[in-house]
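Structure at a glance
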Amino acid sequence: MHGRIPADARRAGFATPDVVPELLREYGAATRRAVEHYLAAERPAPYLHDLLTDYPRRGGKMMRPAICIANARAFGARLEDAVRSAAAIELLHNALLIHDDIEDGSDLRRGRPALHKLHGIPRAINAGDALLLLALRPLLDNRGALGQPLSLRILEQTQAMARETAEGQALELGWRDGGATDVTEADYLTMVLKKTAWMATIWPAQIGVLIGGRGETDPGRVVRFGFFLGATFQILDDLLNLTADRAYGKELNGDLYEAKRTLMLIHARRTCGDGERDQIDAFLALRREERTPGQIGWLAGLMARLGSIDYARTVAEALAGAAEHEFALAYGHLPPSPDKDFIAGLIPWVFERI
Amino acid sequence: MAAAFELSRPAHQGRFAVTVYQEGWRLGGKGASGRGPSGRIEEHGLHVWLGFYDNAFRIMRDCYGELAAGGDSPFGDWREAFLPDLDIGLFSPAERQGWQKWAAHFPPRPGLPGDPTTKAEMLSLAGYIERAIGLLRALLLECDVTISGGAAAPAPLWAPGMLSDPARLLDAVQALLGRGVFSGAAVLAEALALLGVAIRMVPALFESAYLRLAERVSAGLRGWLEDHLLADDRHRHVWEIADLVLAILVGTFRFGLLTDQRGLDAIEDYECRDWLRLNGASERALQSPFVRGLYDLALAYEAGDPDRPSLAAGQALRGALRMFFGYRGALYWRLRAGMGDVVFAPLYVALRRRGVRFRFFHRLTNVGLAPGGAVAPDRPSHVATLSFDVQAQICGGRDYEPLVPVAGRPCWPSRPDFAQLEDGARLAAQGWDFESHWDRRRAGARTLSVTQDFDLVVLGVSIGAIPHVCQEILARDARWRRMTAAVKTVASQAFQVWLDEDLAKLGWQGPPYIVSAFLKPFDSWCDMAHVIPEEGWAARPRTCVYFCGVLRDEPDAPDDGDVLYPQRRAEEVRRAAVAFLADPARHLWPGAYDSAGGFRWEMLADATGEGPAGPARFGTQYWRANVNPSDRYVLNPPGSSKHRISPLDMSYDNLTIAGDWTDCGFNEGCVEAAIMSGRLAAHALSGLPALEDIIGYDHP
Amino acid sequence: MNEHERIRRAPPGRAAPLRNEWPGAPADHQPPPDAGLEEVIAHTVRLGYEVIGENIRQGRIAADRFSAGDYGVRDVPRDLLALSSRMLQLSRDISTTAFDICGAILRDPTLRAAVQRYTAPPNPAPASGPAGGPWPGQGAAGVPLTYAFKGTRRAVGMPGWLRGTGQPSLLSTAGLWSPDPALPPLRQVALSADAFAIIATVTIPDDQPAGTYSGVVSDALTHQPLGAMTVQVEA
């Protein structure tokens, strides 16, 4: 299923299977219990403990840890084998959220003030670092149940992911701080791959594959699927930030204030007239605090008028198609199972939020 | 043949009815081979397939696979036909006196040539340079160099955080160089590692910084290497290679190659040695056997004159990078028999089975255009007629059957089967040579017309023949005129000897068994013992060896009417071969000479058993002068690439071209270029294969 | 010959190789502004495959590099538990992300061995929870205490545990004393915390006599003793 599916047909005839919200709930709960165990075991260090435990306790969709557990089970392991790694994934995710919110200047996270808004930036950074280190611990604890070699492989995979994530962050920040105007689709996809897909969809799947296959199965087999899923996820996330007509936990149009180089912005800048392009470039050259709601409104309107929104949606659907194709290649050989359906079902699921 | 193979693929569902028109009795052009007395293989010259010939191997694997799937194939599996080999050698005069043998063993690499590859898996230029640096480090660390100063091992020079900041990188290397005396190859290796990593990180912004870094490292390294390695002849090759790699490194940055849209084409106007010299390579390295071998294997001597080496820097670098860092499986692969038997016979059989028609003994004489004036891409024309000499008619109007069985496999013979030709006995008696440019005798003529007899044309003659068969095009198309002037060719000479003693007894300890940079005119040679079982000897010789090299042009080009020209040149080759064996070959095979210092001619294996003694015995062996215009080997002199025309060119809307003389993305005289061009020709006519599937086409 | 019937070649999509592709380089590598839906989809998918293909290739090269490894750690840590502070220090040095610690662990055999010893609990896990359960017993033994040393003298710290107090607390100590009253105490002891343990940083004067020194760590507010430190200064 790889090709041209109009947006409304997708919504109509291609719904998310029920197994997705069910397993998200079940695996999410198991992960939360494990995360809580590690948080509770922490010494209540002053100025640190409350910050460290804040984001993980705010809840979330638990997509990332669920991907890990589902992959592990689909490939033959038990939930108990994977739940520690799932906890590490969730802790790491939250640690990066703390830093992301600082970088993006966000006010809200999951409906409440962002951590640095509550406690100031220095302590929030410190908490993010500490949470990163804390995330290591369940991965080290893997040694007992999974054995040394497999635990080390999981650590290796984690390191590779961390490097990619750092590079992706650097890319995006470089564009923002450098006022880059010539970012292309290829650049965007590369950045999304590194910054988002690796951490959100590729790495959790790889960990799951490693655990499920007891180190025998090559984690490389899920990289392409993870990429296309993660890229679709991020593009839809970008769209949501522009188009949602209700708050969803972050502020609307925050990306525009940040002049985040999204597909919509890239498309708009490429298709607009010369005068409009100069205006966009001028906007990109401003600092965040200099950007006015009037300019934001103009830019959002321009994107709508030029069809950038539809364009991004089409791209997301194209990548979703590629994800389906890759799913078949990577998972096709597995016997049917709820977990296999869950993984496949994530593709329509990421569209649900729009 | 590659174009025919692609156009007749089942995926096209018979859309193209393909007919191949071939002069003489065998397919293959410069790659054709034959069978002579005792079924011995008789080739044009030395043919090895390099491990990066992905398109060539892809087609052969498909072909062999198709034949095997169709039932009992006499050709076997492709892996029996192509034999991997990992060692190459250079054997040349040593610095002071005597001779030096340098052998390189290249470790096997994962995969096999022709494996499916995505473009993203091909190396970028930065990736190649990184590999080259890795090679250099490995070479350095192999050297036994004592530590001077005896200080404790130095602390690591660099921390990961440094890697995105070239200024700090520079400082690190500065500190390194500032230490004065290097404390060992390990430290140098570390500096190179820095550079290697830096290249991988390359954001384009930092290129000038890397240039400074490269130049500084290069200067420091040169000095150090001079002091430590030159004195020891054993390591001389390390120094020479290091010197060349450094020059390539500096040149890459100085010429902005990493970010130039044209990739290595940006330096194709420079002569290879000149470009390296510009970037600091020393004369000693430039005249080293390494560089000489590079030129020898490419036959890169204008007009065959060894004093006129001529090789474009861009393609030379591209070829070297792919050869050394892009091979899969083994560095090179030997063919189990002649190239005709291993490549063109299976292709012929497979194509026949697919319904492709063959018309042998058809020699193209003219490509006729539609009436009109000057032709250019914006003023296209088309081919209206194709004229052929029908060199011979086949008895009964049947199809000519070209293959003969030898040692259980279908092979091409060295002479046509006159029995299948009308009036064959007379043609044989009169010695008709259907492959000689100078023998124009024919049985008839034929002209094909567009739309009636053909729709589309793939012109596969080599560029040497273009001035003879494309006179209309040359008269009207300035680009074709420039191309034929710029893309030069060179004649080659070759001989093969079958010996009753093997090389080890003669005094050559291998591996390696393929060697270059030896004395002219036969500077390249290869031991071919593995083909003897494929021949039909009653009493098998122990080995056979092929020699080849360039053949110098005579000052004046031969007349078209000079029918004895090929024989005269062949006789010249025979004399040169005899003289070669009589004397210079003693440096290769000391054991082949008797106590008086004379070559032991009796070692030459003679099937008839009654050959003469002494040098005349060489007459029982095989030699040839490849002087036919279309047999001339294609060169890439500096500045010539831009005049080549691509098979994708649209100046003629029903014509495409194929051959290693076209602009095929890998502009060098070799099988891979020929096959890439054939695939491009197929793409030009049919849209398949996709350009992205032509491995190495999109490549720096 | 009827011109209308004569078959002509279709022009190819492009007529030259793409030699050097850099992200953000050729503008003609993007779909034209009026590209139809099909083209956008095809172009996007192809772009996606190129991007991920390149990434996979880079990953392979990086993996080769990391397995070669040249993280130059040469000194042998004498106190296993001091490694936790060392890991933290590493994370501060490394500017990208703190997860380069993973790399340090993986590449350095001594660090790796020490980490393995670190994760084994010092006491057998209490028999709560199923055997081989998801996580080892934790918290029952307390908070680990580790040591760092300043000065030129060699010293070894005895691994210990501090009792947890259940709420944030400031720690204090009066220093480390030898049972032999003639020997001067080690007064410069700083206590700090990281995510893993309490770190006692002991500054040893050059002329400190060899011997065993110990002291108590207390809660600064309640003065309750939480545990003991012991240090052995070598000759």
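These numbers were taken from a predicted model, which means no experiment stands behind them.

Notes on the overall build of chain B
- On a plain count of helices and strands, chain B comes out with 20 helices and 22 strands.
- The proportion of buried residues among the 700 residues of chain B is 60%.
- For chain B, long-range pairs separated by at least 24 residues make up 74% of all intrachain contacts whose partners lie at least 6 apart in sequence.
- Element-wise, carbon and sulfur atoms account for 53% of the exposed surface of chain B, whose accessible area totals about 25,800 Å².

Some details on the packing of helix 4 (residues 63–74) of chain A against helix 5 (residues 79–104) of chain A
All names here are of chain A.
- For the pair helix 4 and helix 5, interaxial distance at closest approach is 8 Å and the crossing angle is 155°. It follows from the interaxial angle that helix 4 and helix 5 lie roughly antiparallel. Our pair here, helix 4 against helix 5, has a crossing hand that is right-handed. Residues Arg-64, Pro-65, Cys-68, Ile-69, Ala-72 and Arg-73 of helix 4 form the contact with helix 5, whose own contacting residues are Leu-79, Ala-82, Ser-85, Ala-86, Ile-89, Glu-90 and His-93.
- The residue makeup of the contact of helix 4 with helix 5, split by class, is 8 nonpolar, 2 polar and 3 charged.

A look at the packing of helix 15 (residues 308–331) of chain A against helix 16 (residues 338–351) of chain A
Residues and elements named next belong to chain A.
- Look at helix 15 against helix 16: their axes get within 10 Å of each other, and the N-to-C directions meet at 175°. Taken as axis vectors, helix 15 and helix 16 run roughly antiparallel relative to one another. Across from Ala-316, Glu-317, Ala-320, Ala-323, Glu-324, Phe-327 and Tyr-331 in helix 15, the residues of helix 16 making contact are Lys-340, Ile-343, Ala-344, Ile-347 and Phe-351.
- Residue composition of the contact of helix 15 with helix 16, grouped by class: 9 nonpolar, no polar and 3 charged.

Here we look at the pattern of salt bridges
- The full count for this structure, using the stated rule, is 70 salt bridges over all chains.
- Its salt-bridge partner being A:Glu103, residue A:Arg176 comes within 3.9 Å of it at the nearest N-O pair. Placement of A:Arg176 in helix 8 (residues 148–178) and of A:Glu103 in helix 5 is noted, with a sequence separation of 73 residues between them.
- What makes A:Arg176 partly exposed here is its relative accessible area of 25%.
- We classify A:Glu103 as partly exposed; its relative accessible area is 37%.
- Among the ionic pairs, B:Glu6 bridges to B:Arg679, the shortest N-O distance being 2.8 Å. One end of the pair, B:Glu6, is in helix 1 (residues 2–7); the other, B:Arg679, is in helix 20 (residues 671–686), and 673 residues separate them in sequence.
- Judged by its relative accessible area of 3%, B:Glu6 falls in the buried class.
- The class for B:Arg679 is buried, based on a relative accessible area of 6%.
- Through salt bridges with shared partners, a single network forms among A:Glu103, A:Arg176, A:Asp177, A:Glu258 and A:Arg288.

Details of the nonpolar core
- In this structure, B:Trp49, B:Phe82 and B:Val343 are the most contacted members of the largest nonpolar core, which totals 136 residues.
- It is helix 13 (residues 339–354) of chain B that contributes the most residues to this core, 10 residues altogether.
- Sequence-distant contacts of B:Trp49, that is, excluding residues within four places in its chain, are made with B:Ala56, B:Phe57, B:Met60, B:Phe82, B:Tyr332, B:Trp333, B:Leu335, B:Met339, B:Val343 and B:Val671.
- Listed in part, the 129 residues of the second largest apolar core include A:Leu23, A:Val35, A:Ile280 and A:Ala312.

Notes on the environment of B:Pro521
Residues and elements named next belong to chain B.
- With respect to the helices, strands and loops of the structure, Pro-521 is situated in the loop between strand 17 (514–516) and strand 18 (524–527).
- As a C-alpha pair, Pro-521 and Val-573 span 52 residues in sequence and 9.6 Å in three-dimensional space.
- Contacts of Pro-521, omitting those with residues within four sequence positions, involve Gln-493, Cys-548, Gly-549 and Val-550.

Details of unusual backbone geometry
- Geometrically, the link from B:Lys520 to B:Pro521 is a cis peptide bond, its omega value of 0° lying close to zero.
- In the segment running from B:Leu688 into B:Pro689, the intervening peptide bond is cis, with an omega of -10°.
- For B:Pro689, the position within the fold is in the segment after helix 20.
- Here A:Ala259, not a glycine, exhibits a phi torsion of approximately 50°, which is positive.
- Within the element layout of this structure, A:Ala259 appears in the loop between helix 11 (254–257) and helix 12 (263–271).
- For A:Ala259, a relative accessible area of 4% corresponds to the buried category.
- A positive phi is found at B:Gln13, a non-glycine position, where the angle reads about 50°.
- Along the polypeptide, B:Gln13 turns up in the loop between helix 1 and strand 1 (19–21).
- Residue class for B:Gln13 comes out exposed when judged on its relative accessible area of 73%.

As for the confidence of the model for chain B
All names here are of chain B.
- Averaged over every residue, the pLDDT of chain B is 84; the share at 70 or more is 84%.
- Below a pLDDT of 50 lies the segment residues 143–164, which in the model reaches 35 contacts outside its immediate sequence neighbourhood of four places, other chains included.
- Every residue in residues 200–206 is under pLDDT 50, and counting partners more than four places away or in other chains gives 12 contacts.
- Of the two predicted TM-score estimates for the complex, the pTM is 0.58 and the ipTM is 0.74.

Side note on helix 12 (residues 313–325) of chain B
- Over its 13 residues, helix 12 of chain B extends 18 Å from the first C-alpha to the last, a length consistent with the 18 Å expected when each residue adds 1.5 Å.
- By the criterion of burial, helix 12 of chain B is predominantly enclosed, with 13 of the 13 residues buried.

Some points on the packing of aromatic side chains
- For the coordinates displayed, the defined rule picks out 50 aromatic pairs over all chains.
- Between B:Phe52 and B:Tyr53 the ring centres are 5.2 Å apart and the planes differ by 85°, which places this aromatic pair in the edge-to-face class. This pair shows no difference in class: B:Phe52 is buried, exactly as B:Tyr53 is.
- Arranged with centres 5.0 Å apart and planes meeting at 80°, the rings of B:Trp508 and B:Trp525 form a pair that is edge-to-face. Of this pair, B:Trp508 sits in the loop between helix 18 (503–506) and strand 17 while B:Trp525 sits in strand 18, placing them 17 residues apart in sequence.
- Residue classification places B:Trp508 among the buried residues on the basis of a relative accessible area of 3%.
- The exposure class of B:Trp525 is buried, given its relative accessible area of 0%.
- Each member of the aromatic cluster is reached from another via a ring pair, and the members are B:Tyr348, B:Phe358, B:Phe360, B:Phe361, B:Tyr400, B:Trp412, B:Phe418, B:Trp432 and B:Phe434.
- Over the ring of A:Phe283 we find A:Arg291, and its NZ or CZ is 4.9 Å from the ring centre.
- We note B:Arg273 situated over the ring of B:Tyr295; from NZ or CZ to the ring centre the distance is 4.4 Å.

So, the pairing of strand 7 (residues 211–219) of chain C
All names here are of chain C.
- Where strand 4 (residues 171–173) lies against strand 7, 3 bridges are found, and the strand directions are antiparallel. Its bridge partner lying in strand 7, Thr-173 is registered against Val-217.
- Sheet topology note: the strand 7/strand 8 (residues 225–233) ladder contains 8 bridges and is antiparallel. The residue bridging Val-216 from the neighbouring strand is Ala-228, located in strand 8.

A short note on the pairing of strand 8 of chain C
- By the bridge criterion, 3 bridges tie strand 2 (residues 155–157) of chain C to strand 8 of chain C in an arrangement that is antiparallel. Within the sheet, the bridge partner assigned to C:Gly157 lies in strand 8 of chain C and is C:Val231.

Section: the sheet that holds strand 4 (residues 49–50) of chain B
All names here are of chain B.
- On the basis of which strands lie adjacent, the open sheet formed by 3 strands has the order 4-8-5 and antiparallel pairing. Looking at the sheet topology across the chains shown, the edges are occupied by strand 4 and strand 5 (82–85).
- Note that strand 4 and strand 8 (residues 332–335) share 2 bridges and pair antiparallel. Bridge pairing links Leu-50 to Tyr-332 in strand 8.

A few points about the sheet that holds strand 7 of chain C
All names here are of chain C.
- Pairing is antiparallel across the open sheet formed by 4 strands, whose spatial order is 2-8-7-4. Sheet topology places strand 2 and strand 4 at the edges, where each strand pairs with a single neighbour. Taking each pair of neighbouring strands and ignoring which way they run, the sheet shows an average axis angle of 25°.

Examining the side chain of B:Ser686
Residues and elements named next belong to chain B.
- For Ser-686, the position within the fold is in helix 20.
- We classify Ser-686 as buried; its relative accessible area is 16%.
- In terms of polar contacts, Ser-686 uses its side chain to reach the backbone carbonyl oxygen of Leu-688, at 3.0 Å.
- Non-local contacts of Ser-686, meaning those with residues more than four positions away in its chain, are made with Leu-7, His-12, Arg-15 and Phe-16.

Rules of the game
Residues numbered from 1 in each chain as written. Chains lettered and ligands numbered in written order. Predicted model: local features only at pLDDT ≥ 70, side-chain atom pairs only at ≥ 80, totals over all residues. Heavy atoms only, no water. Helix = DSSP H or I, 4+ residues; strand = E, 2+ residues; numbered from the N terminus. Buried < 20%, exposed > 50% of the residue type's maximum accessible area, 1.4 Å probe, protein only. Contact = heavy atoms within 4.5 Å. Areas by Shrake-Rupley, 256 points an atom, 1.4 Å probe, with all protein chains shown as cover. Axes fitted to C-alpha atoms, helices over the stretch in contact; angles between N-to-C directions. Parallel < 35°, antiparallel > 145°, perpendicular 65-115°, else oblique. Left-handed = near helix turned anticlockwise from the far one by under 90°. Nonpolar A, V, L, I, M, F, W, Y, C, P; charged D, E, K, R; others polar. Salt bridge = Lys/Arg side-chain N within 4 Å of Asp/Glu carboxyl O. Core = buried A, V, L, I, M, F, W, Y, C linked by side-chain atoms within 4.5 Å. pLDDT = per-residue confidence, 0-100. Expected span 1.5 Å × (residues − 1). Phe/Tyr/Trp six-rings, centres within 6.5 Å; stacked < 30°, edge-to-face > 60°. Lys NZ or Arg CZ within 6 Å of the ring centre and 35° of its normal. Pairing = 2+ DSSP bridges. Polar contact = N/O pair within 3.5 Å; in protein donor to acceptor, adjacent residues only side chain to side chain.

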